[in-house]
Amino acid sequence: MSKIDDVRVNLGERSYTVRVGRGLIDRAGAEIAPLLRRPRVAVVSEETVAAAQLARFRAGLEGGGVAMEALILPPGEATKSWRHLEQVVEWLIAQKVERGDMVVALGGGVIGDLVGFAASVLRRGVRFVQVPTSLLAQVDSSVGGKTGINSPLGKNLVGAFHQPSLVLCDIDALDTLPGRDFLAGYGEVVKYGLLGDAAFFDWLDANAPAMAAGDKDLRQEAVRHAVRMKADLVERDETEQGDRALLNLGHTFGHALEAATGYSDRLLHGEGVAIGCLLAFDLSARLGLCAQEAPERVAEHLARMGMKRRFADIPGDLPGRDGLIALMAQDKKVQDGAMRFILARGIGEAFVTGEVPRAALERLLDEALA
Ligand SMILES: NC(=O)c1ccc[n+]([C@@H]2O[C@H](COP(=O)([O-])OP(=O)(O)OC[C@H]3O[C@@H](n4cnc5c(N)ncnc54)[C@H](O)[C@@H]3O)[C@@H](O)[C@H]2O)c1
Ligand SMILES: O=C(O)C(=O)C[C@@H](O)[C@H](O)[C@H](O)COP(=O)(O)O
Ligand SMILES: [Zn+2]
């Protein structure tokens, strides 16, 4: 058996382990069974992931003596909706999932966020296991307990904090992930270096091309490192009263762009995050908070990885500057009606601030839209 990295998320009675390694789906039953009161689970996934990974997951469960029923939803961001939340909750009720039972989210961040939220409201809260199958879900969305759905007015505006009981990050699952989705997930990976770990950014600068090309040891190391960084922030600030907001680097811009593009495949979440991170560094340099060299390095890195980094890389029309600012004003970091941003003093040195003059924001967006 190849090496498994265990990252513990210490949150008192809500503590859990994130297991990172190869082959975890193939032995899902053995991994999950110790948590079960009876040997069955309710699995929610989506069509693309089910085609690629469900047979493996079912065999893995059965190998450990665990039976399953599955609900398969449509893929894509639009599934994080009221309609599909109702569908999941009603299906779980019809399956007679009890308070002591376990729900499993098998998929990317869309399924993890939706199913985690359904689990948080079902019978006032049932336990769930995250089996993240996208890079983004492995490094970010499966850890930390943020669950929810989108509103047409903004991303993740309806949701709950509900921590999983176990997270299984199977690096082999990434074999079937399309390249565009791998790079979108990489947007969240590089975010960790940018927000708080310049040495990790340097490591990514050297290793990310090989990682994207398929090197599994590098993938495992990147996932482990990112999960450890996220666990540290979540342990310090579970419900985002302070430092956890650093994980939102790039998201004030990115979420507005996702809403503006109708949560469609014009822009994936991680793509919006990458564009948003570059904007945050650009704004930081314009405000004299960091050297101009910092956004230049970020732009060069994203370009070398073949990632979207400008508004012009998003197909179709975008709203004007004021329309984008109106969408940004729905951000959950808004306090007393004022927007707050994650800016940076350099690579790896992000901080939260409410002090961004409106004129600077307008100039930034005008130039980005030109
Ligand atoms: N809760 C959090 O802390 C948190 C953190 C970051 C992002 N998010 C949310 O996560 C979502 C984005 O997650 P995502 O990028 O995983 O999107 P996703 O769930 O839509 O998955 C991306 C694409 O990859 C496909 N896919 C996933 N795993 C696959 C596999 N192994 N093989 C083949 N195809 C596979 C999916 O079908 C989909 O088309 C957004 O809604 C975002 O808001 C939440
Ligand atoms: O876990 C967090 O905290 C994050 O901010 C991680 C983000 O990558 C993620 O996209 C999160 O869902 C955004 O949170 P939101 O509160 O801005 O909706
Ligand atoms: Zn994100």
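What you see is a predicted model; the values in this text were computed from it and never measured.

Procedures and definitions
Residues numbered from 1 in each chain as written. Chains lettered and ligands numbered in written order. Predicted model: local features only at pLDDT ≥ 70, side-chain atom pairs only at ≥ 80, totals over all residues. Core = buried A, V, L, I, M, F, W, Y, C linked by C-beta atoms within 7 Å. Buried ≥ 20, exposed ≤ 12 C-beta atoms within 10 Å, placed from the backbone. Helix = DSSP H or I, 4+ residues; strand = E, 2+ residues; numbered from the N terminus. Domains from an automatic or database assignment. Contact = placed C-beta atoms within 7 Å. Pairing = 2+ DSSP bridges. Right-handed = clockwise from strand over helix to strand, strands pointing away. Near = placed C-beta within 6 Å. Nonpolar A, V, L, I, M, F, W, Y, C, P; charged D, E, K, R; others polar. Axes fitted to C-alpha atoms, helices over the stretch in contact; angles between N-to-C directions. Parallel < 35°, antiparallel > 145°, perpendicular 65-115°, else oblique. Left-handed = near helix turned anticlockwise from the far one by under 90°.

K.L.:
Before we go on, may I ask you to explain the nonpolar core in this structure?
P.N.:
Across soluble globular proteins, you tend to see nonpolar side chains buried next to one another. Ranked by size, the top nonpolar core spans 113 residues in total, and within it Val 103, Val 104, Val 115, Leu 194 and Ala 280 carry the most contacts. The dominant element in this core, judged by the number of residues it contributes, is helix H10 (residues 269–286), at nine residues. There are two domains that each give this core at least three residues, and those are domain 1 (4–176) and domain 2 (179–369). Setting aside anything within four residues of it in sequence, one finds Ala 280 in contact with Leu 249, Gly 250, Phe 341, Ile 342, Leu 343 and Ala 344.

K.L.:
What am I meant to see in the pairing of strand S6 (residues 127–132) here?
P.N.:
Here is the key point about a regular strand: its side chains alternate between the two faces of the sheet. Burial within S6 is extensive, with five of its six residues counted as buried. Relative to S6, strand S5 (residues 102–107) is paired through six bridges, and the arrangement is parallel. Bridging from a neighbouring strand, Val 104 pairs with Val 129 of S6. In this region the chain leaves S5, passes through helix H4 (residues 109–121) and returns to the parallel neighbour S6; the handedness of that crossover is right-handed.

K.L.:
Sorry, what's going on with the site of ligand 2 here?
P.N.:
If you check the shell around ligand 2, you find Asp 140, Gly 144, Lys 146, Lys 155, Asn 156, Glu 188, Glu 240, Arg 244, Leu 247, Asn 248, His 251 and Lys 332 and nothing else. Among the domains, domain 1 (4–176) and domain 2 (179–369) are the pair contributing at least three residues each to the shell around ligand 2.

K.L.:
Help me understand the site of ligand 1, please; the structure alone is not making it clear to me.
P.N.:
Not every one of the 35 residues close to ligand 1 is listed here, only the nearest: Thr 48, Gly 108, Gly 109, Ser 134 and Ser 141. A per-class count over the shell around ligand 1 returns 11 nonpolar, 15 polar and nine charged.

K.L.:
Is there a simple way to explain the pairing of strand S10 (residues 341–344) in this structure?
P.N.:
The side-chain alternation of S10 yields two buried faces, one formed by Phe 341 and Leu 343 and the other by Ile 342 and Ala 344. Alignment of S10 against strand S11 (residues 350–353), held across four bridges, turns out to be antiparallel. Along S11, the bridge assignment pairs Phe 341 with Thr 353. Here S10 hands over to S11 after five residues, with Gly 348 in that stretch at a positive phi of 85°.

K.L.:
What am I meant to see in the domain arrangement of the protein chain here?
P.N.:
Where the parts come together, the accessible area they lose is often given as the size of the interface. Taken as a whole, the protein chain is organised into domain 1 (4–176) and domain 2 (179–369). Measuring from the centre of the C-alpha atoms in domain 1 to the corresponding centre in domain 2 gives 25 Å. Counting residues per element, the side of domain 1 that touches domain 2 draws most heavily on helix H5 (residues 135–141), at five residues. Class assignment of the residues belonging to the side of domain 1 that touches domain 2 gives a composition of 16 nonpolar, nine polar and five charged.

K.L.:
What should I look at first to understand the packing of helix H9 (residues 251–260) against H10 in this one?
P.N.:
Any two packed helices are characterised by the angle at which their axes cross and by the distance between the axes. At a closest axis distance of 7 Å, the pairing of H9 and H10 adopts a crossing angle of 135°. The pairing of H9 with H10 is recorded here as oblique in orientation. Note that H9 runs across H10; the crossing there is right-handed. The residues of H10 that touch H9, namely those facing His 251, Thr 252, Phe 253, Gly 254, His 255, Leu 257 and Glu 258, are His 269, Gly 272, Val 273, Ile 275, Gly 276 and Leu 279. A breakdown of the residues in the contact of H9 with H10 according to their chemical character gives five nonpolar, seven polar and one charged.

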